[in-house]
Each structure stands twice: as structure tokens, then as C-alpha cells.
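These are the residues of each chain, in order.
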Amino acid sequence: MFKIPDWAFEFHGHLCPFMPIGYRMGSLALQKLGVERCKDHEMHVFSEMGVGHPQTCMQDGIMAVTGATFGKNMFERLYYGKIAATFWYPGINGAIRIYLRNEFQDKMAPHEFFTYRKKSIEPSQIPDNVSQDIINMVLTATDEELFTTTLMPDYTYKPVKGSFNKAACEICGEYVFERYLRVKDGKRICIPCAGHEPDEKVFYHPEIH
Ligand SMILES: [Zn+2]
Ligand SMILES: [Zn+2]
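Since we're looking at a predicted model, the values are computed, not measured. (Residues numbered from 1 in each chain as written. Chains lettered and ligands numbered in written order. Predicted model: local features only at pLDDT ≥ 70, side-chain atom pairs only at ≥ 80, totals over all residues.)

1. Observations regarding the overall build of the chain
Here comes step 1: Scanning the chain from N- to C-terminus turns up nine helices and nine strands.
Here comes step 2: In terms of overall dimensions, the chain has C-alpha extents of about 60 × 40 × 30 Å along its principal axes.
Here comes step 3: With 209 residues in all, the chain has 27% of them scored as buried.
Here comes step 4: Sequence-distant contacts in the chain: of pairs separated by 6 or more residues, those separated by 24 or more amount to 67%. (Helix = DSSP H or I, 4+ residues; strand = E, 2+ residues; numbered from the N terminus. Buried ≥ 20, exposed ≤ 12 C-beta atoms within 10 Å, placed from the backbone. Contact = placed C-beta atoms within 7 Å.)

So this is what it looks like as C-alpha cells:
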């Protein structure tokens, strides 16, 4: 049976099947790319999850096993509403996309765990034996039963280069990292003082050629 360390469940906060699915998905990505868990800023993950569906727990599992965390800016969301993610690693040609098979999604769907979830009962309130049973379904499945993997040899991505440069906003006086300074009436100011919307997606979208 596949093993997930206890700290990953502690970090996630409750017992559910999707954190383990993400953990296995990330583990398979590391294996297929032939790389180790990231210490620094190596891998970038593009999750196809969105908002308003409970499977997003998967993302904590991916971050736990790969070390490609949100905090290190290695984790982006594409908002497609699919249980899939693309894994890119510097120095390796292309990327790999992993998708949770329809067959496995359908196999899990009738489980008692979701009877509780559909009544809006949170995972921590579901009896442990029910949650553990669906987790065991995930841990005993083979990679092939769980996932389809697609190599994307033409996938390229350029991570944003880090910079420590900053300047004080000429209106509020707070420091702003350089790329976020805006110019208004000849003054270099922060985004809230400029009344602008943040335009982060411009910088972070992967380039697919
Ligand atoms: Zn969860
Ligand atoms: Zn300001």
C-alpha cells in the first residue's frame, strides 16, 4: 500500500481522499520526471482546479510531496475545474500532465464519505473509519488505475526572476517591490494608491508554444 507521512495529514487538517490523491499525483510526477522533492524553487505546478468544488484538497497533497509550494511561488491555479495538474521542472524538456481518471472518480463517487459531504458535513466530522476506508481505496490503487499521464514535450515556461529591489510609494510611504510600482502623475506609487487592480496573471501564466 502507498504510504503518506502523518505530517501531510496534520498539515492538511482532516482525513479526506483528495489530499492523498494529490500526494500520489505529485509523487508520480517526481518519479516520471526523475527528480527529487524540491528544496528551493525548482518545480512549478499548474493545477487545473478552480473554486467551488471540494476536490481542491488535492493541491495540499501535491505541495506536500513535491515541495513546490504556494508560498515559494511554485504553485499556480488555472481554474479549469478539472482534477489535473501539469508539472514543469527546470532543465527537463517539456512537462507532464496528470489527470485523475474518470473511472476512478466514478468508482469513488458512491462511497459513504460523499453521502456525508453532500449533506454539507465537513470531513473532520465524518467518522474516521469512513474516511479511512476511502483513503485506503486511493492508497491501494495502482498509478494506472488512478491517473492518465501525458508528456508535453513542447511545453515551455519561464519563471519570474526574483529581485530584492524596492522603493517607497510616494503617497503612502510603504515599501513596494519594484515590479509592482505604478507611475501616476509622475509619481511612483503602490497599486492600492494608484487604484489599480493587481495584474498578476499577466506575469504568471505559463507560455505554451
Ligand atoms: Zn481534504
Ligand atoms: Zn501607496
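Still to come is the rest of the account.
2. Section: unusual backbone geometry
Here comes step 1: In the Ramachandran plot, S120 falls in the positive-phi region, its phi being about 65° despite a non-glycine side chain.
Here comes step 2: By the secondary structure assignment, S120 is in the loop between α5 (112–118) and α6 (128–140).
Here comes step 3: Among the residues examined, S120 registers 7 C-beta atoms within 10 Å and is labelled exposed.

3. Focus: the domain arrangement of the chain
Here comes step 1: Looking at the chain, the domain boundaries give domain 1 (6–152) and domain 2 (164–192).
Here comes step 2: Summarising the inter-unit geometry, the C-alpha centres of domain 1 and domain 2 are found 38 Å apart. (Domains from an automatic or database assignment.)

4. Topic: the pairing of strand β3 (residues 84–88)
Here comes step 1: Across the five residues of β3, five count as buried, placing the element largely inside the fold.
Here comes step 2: Side chains A84, T86 and W88 of β3 all project onto a buried face; the interleaved residues A85 and F87 project onto the opposite face, where all are buried too.
Here comes step 3: Here strand β1 (residues 44–47) pairs with β3 via four bridges, running antiparallel. Bridging from a neighbouring strand, F46 pairs with T86 of β3.
Here comes step 4: Counting the residues between successive antiparallel strands, the hairpin from β3 to strand β4 (residues 95–100) contains six residues, one of them, G91, with a positive phi of roughly 85°. (Pairing = 2+ DSSP bridges.)

5. Thoughts on the sheet that holds β4
Sheet strands pair via backbone hydrogen bonds, and the direction of the pair is either parallel or antiparallel.
Here comes step 1: Strand order in this open sheet of five strands is β2-β1-β3-β4-β5, and the pairing throughout is mixed. In the strand order of this sheet, the two ends are held by β2 (75–77) and β5 (147–152), each with one partner. Across the sheet, the mean angle separating the axes of adjacent strands is 20° when strand polarity is ignored.
Here comes step 2: Strand direction decides the pairing type here: β1 and β2, joined by three bridges, are parallel. (Axes fitted to C-alpha atoms, helices over the stretch in contact; angles between N-to-C directions.)

6. Quick word on the packing of helix α2 (residues 18–33) against α6
Here comes step 1: Contact geometry of α2 with α6 gives a least axis separation of 9 Å together with a crossing angle of 15°. In terms of orientation, α2 lies roughly parallel with respect to α6. The hand of the α2/α6 crossing is right-handed. Taking contact as the criterion, the partners of P20, I21 and R24 in α2 are, on α6, I135, V138 and L139.
Here comes step 2: The class makeup of the residues in the contact of α2 with α6 is five nonpolar, no polar and one charged. (Parallel < 35°, antiparallel > 145°, perpendicular 65-115°, else oblique. Left-handed = near helix turned anticlockwise from the far one by under 90°. Nonpolar A, V, L, I, M, F, W, Y, C, P; charged D, E, K, R; others polar.)

7. Quick notes on the nonpolar core
Here comes step 1: One finds M25, V45, M58, A85 and F87 to be the most contacted residues of the largest nonpolar core, which totals 36 residues.
Here comes step 2: Those residues in contact with V45 that sit more than four places away from it in its chain are I62, T66, A68, M74, F75, A85 and F87. (Core = buried A, V, L, I, M, F, W, Y, C linked by C-beta atoms within 7 Å.)

8. Observations concerning the environment of E48
Here comes step 1: Summarising the element assignment, E48 is placed in the loop between β1 and α3 (58–66).
Here comes step 2: When the C-alpha positions of E48 and K82 are compared, they lie 5.4 Å apart, and in sequence the two are 34 residues distant.
Here comes step 3: Not counting residues up to four positions away in its chain, the partners in contact with E48 are L78, Y80, K82, A84 and A85.

9. Here we look at α3
Here comes step 1: Most of α3 is tucked away, with nine of its nine residues classed as buried.
Here comes step 2: Within the sequence span of α3, burial applies to M58, Q59, D60, G61, I62, M63, A64, V65 and T66.
Here comes step 3: Count one or two residues on from α3 and you reach G67, which has phi positive near 75°.

10. Let's talk about the packing of α2 against α3
Here comes step 1: As a packed pair, α2 and α3 sit with axes 6 Å apart at the nearest point and diverge in direction by 40°. The orientation of α2 relative to α3 falls into the category oblique. Seen along the crossing, α2 lies across α3 with a hand that is right-handed. On α3, the residues that touch F18, M19, P20, I21, G22, Y23, M25, G26, S27, A29 and L30 of α2 are M58, Q59, D60, G61, I62, A64, V65 and T66.
Here comes step 2: When the residues that make up the contact of α2 with α3 are grouped by side-chain class, the tally is 12 nonpolar, six polar and one charged.

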